[in-house]
Amino acid sequence: MTHADEVDRIVADWERERPDLDFSPLQVLSRVARLSKHLDRERKQAFARSELESWEFDVLSALRRAGAPYRLSPKALLQQTLVSSGAMTNRIDRLVARGLVSRQTDPHDGRGILVEMSQAGLTRVDAAITRLVDAEAELLGSLPPAEQKRLAGLLRKLIVSFEEPA
């Protein structure tokens, strides 16, 4: 027997007040929205323990995933973090000021630059991702691995329908 949650109560109230509507989408998407709030809180805490803001983690994790020497062009960072070029320039400037990245001349194009993660940036992003994975595993702890895998597949199917190129 599953326990009722706040979404069950909200949907029941709406069904009572508006029996002419189908509230089944709220059963899924209201829960996704509520989970998103819990996830955001856990992520902020994981990043804060590594002295990073969420946006700093986004940039540093893109560099980390690129592999050694942890270097990408600003354009590649834009594509991975989905921010404007002005926002990325500002983010790089702030990360440089904190000593977490540096700007290097692109060895293949003397006019271009690459953003390279420093050892301090590497240390922080590695600590943050460890904390993040631990926090997210705890959030999913009430689901057995098979259910986590099934849920991931269902969410992937839903997200692909939004993110597929036209």
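Note that the structure is predicted; figures quoted are calculated from it, not measured.

Definitions and cut-offs
- Residues numbered from 1 in each chain as written.
- Predicted model: local features only at pLDDT ≥ 70, side-chain atom pairs only at ≥ 80, totals over all residues.
- Heavy atoms only, no water.
- UniProt positions renumbered as here; feature names shortened; annotations may be inferred.
- Helix = DSSP H or I, 4+ residues; strand = E, 2+ residues; numbered from the N terminus.
- Core = buried A, V, L, I, M, F, W, Y, C linked by side-chain atoms within 4.5 Å.
- Buried < 20%, exposed > 50% of the residue type's maximum accessible area, 1.4 Å probe, protein only.
- Contact = heavy atoms within 4.5 Å.
- Phe/Tyr/Trp six-rings, centres within 6.5 Å; stacked < 30°, edge-to-face > 60°.
- Pairing = 2+ DSSP bridges.
- Expected span 1.5 Å × (residues − 1).
- Polar contact = N/O pair within 3.5 Å; in protein donor to acceptor, adjacent residues only side chain to side chain.
- Patch = residues over 30% accessible without salt bridge, like charges linked within 9 Å, V, L, I, M, F, W, Y side chains within 5 Å.
- Areas by Shrake-Rupley, 256 points an atom, 1.4 Å probe, with all protein chains shown as cover.
- Salt bridge = Lys/Arg side-chain N within 4 Å of Asp/Glu carboxyl O.
- pLDDT = per-residue confidence, 0-100.

Caption draft 1: Layout of the UniProt feature "domain: HTH marR-type" (unreviewed entry) in the protein. The sites that UniProt annotates as "domain: HTH marR-type" (unreviewed entry) are residues 25–160. Structurally, residues 25–160 is divided into 70% helix and 12% strand, and its ends, taken at the C-alpha atoms, are 18 Å apart.

Caption draft 2: Region of the structure containing unusual backbone geometry. A cis geometry characterises the amide bond from Ala 68 onward to Pro 69, with omega recorded as 10°. Along the polypeptide, Pro 69 turns up in the loop between α3 (54–65) and β1 (71–72). For Tyr 70, which is not glycine, the phi torsion reads 55° and is therefore positive. Structurally, the position occupied by Tyr 70 is in the loop between α3 and β1.

Caption draft 3: Representation of the nonpolar core within the structure. With 24 residues, the main nonpolar core has Leu 60, Leu 63, Leu 77 and Met 117 as its most contacted residues. At the level of elements, α2 (24–49), α3, α4 (74–81), α5 (85–97), β3 (109–117) and α6 (119–139) are the ones that each hand at least two residues to this core. Considering every element that reaches this core, the biggest residue donor is α3, with six residues. Every residue in contact with Leu 63, bar those within four places of it in the chain, is listed here: Tyr 70, Arg 71, Leu 72, Leu 77, Val 101, Val 115 and Met 117.

Caption draft 4: Examining the packing of aromatic side chains more closely. In this structure the tally under the stated criterion is two aromatic pairs. Each ring, one from Phe 47 and one from Phe 57, has its centre 4.3 Å from the other, and the planes form 20°; the classification is stacked. Here the residue Phe 47 occupies a position in helix α2, and Phe 57 occupies one in helix α3, the gap between them amounting to ten residues. Looking at Phe 57, the relative accessible area reads 8%, which means it is buried.

Caption draft 5: Local environment of the pairing of β3. Where β1 lies against β3, two bridges are found, and the strand directions are antiparallel. Paired with Leu 72 across the strands is Val 115, a residue of β3. The antiparallel pairing of strand β2 (residues 101–106) with β3 creates a hairpin that spans two residues between the two strands.

Caption draft 6: Here's a closer look at helix α1 (residues 6–17). With twelve residues, α1 should reach 16 Å at 1.5 Å per residue; the first-to-last C-alpha distance of 17 Å fits that figure. Sitting at the amino-terminal end of α1 is Asp 5, which places a side-chain oxygen 3.1 Å from the backbone nitrogen of Val 7.

Caption draft 7: Representation of a nonpolar patch on the surface within the structure. A cluster of nonpolar side chains, namely Val 28, Leu 29, Val 32, Leu 139, Leu 140, Leu 151, Leu 155, Leu 158, Ile 159 and Phe 162, defines an oily patch on the protein surface of about 850 Å² accessible area. Of all elements in the fold, only α2 and α7 (145–163) reach the threshold of two or more residues within the nonpolar patch. Per-element tally for the nonpolar patch: the top contributor is α7, with five residues. Relative to the elements of secondary structure, Leu 140 occurs in the loop between α6 and α7. A residue is classified by how much of its surface remains accessible, and Leu 140, at 35% relative accessible area, is partly exposed.

Caption draft 8: Representation of α3. Along its twelve residues, α3 runs 16 Å from first to last C-alpha, staying within 8% of the 16 Å computed at 1.5 Å per residue. Listed as buried for α3 are Trp 55, Glu 56, Phe 57, Val 59, Leu 60, Ser 61, Ala 62 and Leu 63.

Caption draft 9: Fine view of the confidence of the model for the protein. Chain-level statistics for the protein give a pLDDT mean of 92 and a share of 98% at 70 or above. Mean pLDDT values for the elements of the protein range from 89 in β3 up to 95 in α3.

Caption draft 10: Expanded view of the pattern of salt bridges. Counting across every chain of the model gives 13 salt bridges. Arg 98 is paired through a salt bridge with Glu 56; the nearest N and O atoms lie 2.6 Å apart. Pair noted here: Arg 98 is in the loop between α5 and β2 and Glu 56 is in helix α3, with a separation of 42 residues, a long-range link. According to the relative accessible area criterion, Arg 98 is partly exposed, its value standing at 36%. You can call Glu 56 buried: its relative accessible area is 3%. Residue Asp 109 is joined to Arg 111 by a salt bridge in which the shortest nitrogen-to-oxygen separation is 3.5 Å. Judged by relative accessible area, which is 78%, Arg 111 ranks as exposed. Here the residues in one salt-bridge network are Asp 5, Asp 8 and Arg 31, joined through shared partners.

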